[in-house]
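Fold and contact review
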Amino acid sequence: GNSVTQMEGPVTLSEEAFLTINCTYTATGYPSLFWYVQYPGEGLQLLLKATKADDKGSNKGFEATYRKETTSFHLEKGSVQVSDSAVYFCALSDQEGYQKVTFGTGTKLQVIP
Amino acid sequence: DTEVTQTPKHLVMGMTNKKSLKCEQHMGHRAMYWYKQKAKKPPELMFVYSYEKLSINESVPSRFSPECPNSSLLNLHLHALQPEDSALYLCASSLQGTGRTDTQYFGPGTRLTVL
């Protein structure tokens with residue numbers, strides 16, 4: 001079956017620090033990969049996605065590269081802000097049929113001034 | 001525009017009440033989803049509608065009853081819920097509902113409390 005493994009949180013960083021949140025996956029097929037962000041008290045927002053190997057998804061200063069050889073999709077940002085404090089979910093979908101998304105457990109990021 | 005709207009934002013109900021959650025999108029998406037999210041957990045899929053037909057029911061108890069009146073609207077009817085059903089209920093939509101590149105867009109959720 002499919003699975004997504006994320007690094008345990010919470011991750012606490014000072015403002016302007018470099019962020020990496022690790023994500024690795026196991027899939028039976030050739031998945032598309034996603035990062036979703038959930039701010040406190042809100043729903044999930046699509047942050048970025050990549051649909052094939054070596055693709056780089058990017059948005060709002062966040063980046064992630066689809067690495068098929070290491071089955072990874074690590075999230076990075078060069079300089080985090082307090083407003084980036086949220087829970088980040090790595091996810092995949094790989095079915096050609098009706099879609100089911102497999103989510104990781106989520107990583108809470110706290111950025112302190 | 002990638003907006004999915006949900007109403008109400010908050011709902012408190014007793015175990016004998018009947019209530020409904022509403023979800024709406026105007027992106028022309030043909031697939032809509034209900035998820036349940038407990039605190040500090042990822043969302044769990046409940047139902048999928050594709051082209052207004054129920055395509056996936058993840059063995060959800062019958063006290064949850066989904067309805068898709070048209071391609072833009074999705075309802076979740078609630079009856080005789082239990083306190084353990086308290087959670088954030090998320091609606092999502094995607095263009096087709098099939099294919100590995102189909103992308104789901106989520107609404108802000110309804111925070112449900114069952115007393």
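The present account deals with the structure reproduced in this document. (Residues numbered from 1 in each chain as written. Chains lettered and ligands numbered in written order. Predicted model: local features only at pLDDT ≥ 70, side-chain atom pairs only at ≥ 80, totals over all residues. Heavy atoms only, no water.)

Here we take up the nonpolar core. Grouped together as the largest cluster of nonpolar side chains are 26 residues, with contacts concentrated most on Trp35, Leu47, Leu48, Phe73, Leu75 and Tyr88 of chain A. For this core, the elements supplying multiple residues, two or more each, are strand 2 (11-14), strand 3 (19-21), strand 4 (23-26), strand 5 (32-38), strand 6 (44-50), strand 8 (62-65), strand 10 (86-93) and strand 12 (107-112) of chain A. Broken down by element, this core gets its largest block of residues, 4 residues, from strand 10 of chain A. Leu11, Cys23, Cys68 and Leu112 of chain B belong to the second largest nonpolar core, which has 23 residues in total. (Core = buried A, V, L, I, M, F, W, Y, C linked by side-chain atoms within 4.5 Å. Buried < 20%, exposed > 50% of the residue type's maximum accessible area, 1.4 Å probe, protein only. Helix = DSSP H or I, 4+ residues; strand = E, 2+ residues; numbered from the N terminus.)

A few words now on the interface of chain B and chain A. Taken together, the contact pairs 26 residues of chain B with 27 residues of chain A. Across the chain B/chain A interface, buried area totals approximately 2,000 Å², and carbon plus sulfur atoms make up 52% of it. Inspection of the chain B/chain A interface yields 1 salt bridge. The salt bridge involving Lys100 of chain A is made with Glu58 of chain B; its shortest N-O contact spans 3.0 Å. Every element with two or more residues in the side of chain B that touches chain A is listed here: strand 4 (31-37), strand 5 (44-50), strand 6 (53-57), strand 9 (87-94) and strand 10 (105-106) of chain B. Sort the elements by how many residues they give to the side of chain B that touches chain A and strand 4 of chain B lands first, with 3 residues. Split by residue class, the side of chain B that touches chain A holds 11 nonpolar, 10 polar and 5 charged. (Contact = heavy atoms within 4.5 Å. Buried area = accessible area lost by both parts, 1.4 Å probe. Salt bridge = Lys/Arg side-chain N within 4 Å of Asp/Glu carboxyl O. Nonpolar A, V, L, I, M, F, W, Y, C, P; charged D, E, K, R; others polar.)

Right, let's talk about the sheet that holds strand 8 (residues 73-79) of chain B for a bit. All names here are of chain B. Pairing is antiparallel across the open sheet formed by 4 strands, whose spatial order is 1-3-8-7. Taken across any chain shown, the strands that pair with only one partner, and hence form the sheet edges, are strand 1 (4-7) and strand 7 (64-70). Between one strand axis and the next, the sheet turns through 20 degrees on average, direction left out of account. Looking at chain direction, strand 7 and strand 8 are connected through 5 bridges and run antiparallel. Across the sheet, Phe64 pairs through a bridge with Leu78, a residue of strand 8. (Pairing = 2+ DSSP bridges. Axes fitted to C-alpha atoms, helices over the stretch in contact; angles between N-to-C directions.)

Take the packing of aromatic side chains next. For the structure shown, the criterion picks out 12 aromatic pairs over all chains. With a centroid separation of 6.0 Å and an interplanar angle of 55 degrees, the aromatic rings of Tyr36 of chain A and Phe103 of chain A are classed as tilted. Of this pair, Tyr36 of chain A sits in strand 5 while Phe103 of chain A sits in strand 11 (residues 102-103), placing them 67 residues apart in sequence. Under the relative-accessibility criterion, Tyr36 of chain A is labelled buried at 1%. Classification of Phe103 of chain A as buried rests on a relative accessible area of 12%. Ring geometry for Tyr35 of chain B against Phe106 of chain B: centres 5.3 Å apart, planes inclined by 45 degrees, an arrangement best described as tilted. One end of the pair, Tyr35 of chain B, is in strand 4; the other, Phe106 of chain B, is in strand 10, and 71 residues separate them in sequence. Of the two residues, Tyr35 of chain B and Phe106 of chain B, both sit in the buried class. (Phe/Tyr/Trp six-rings, centres within 6.5 Å; stacked < 30°, edge-to-face > 60°.)

Turning next to the state of the cysteines. Each disulfide is one covalent bond, formed between the sulfur atoms of two cysteines. If you walk through the whole model with that rule in mind, you get 2 disulfides over all chains. Here Cys23 of chain A pairs with Cys90 of chain A through a disulfide, and the sulfurs are 1.9 Å apart. The sign of the -70 degrees torsion about the S-S bond sets the Cys23 of chain A-Cys90 of chain A disulfide as left-handed. Taken together, the positions of Cys23 of chain A in strand 4 and Cys90 of chain A in strand 10 put the pair 67 residues apart, joining distant regions of the chain. Across the disulfide from Cys23 of chain B sits Cys91 of chain B; the S-S distance is 1.9 Å. Across the S-S bond linking Cys23 of chain B and Cys91 of chain B, the dihedral sits near -70 degrees, which makes this disulfide left-handed. Pair noted here: Cys23 of chain B is in strand 3 (residues 18-25) and Cys91 of chain B is in strand 9, with a separation of 68 residues, a long-range link. With a relative accessible area of 0%, Cys23 of chain B lands in the buried category. You can see Cys68 of chain B has no disulfide; the closest cysteine sulfur is in Cys91 of chain B, sitting 9.3 Å from it. (Disulfide = S-S within 2.5 Å.)

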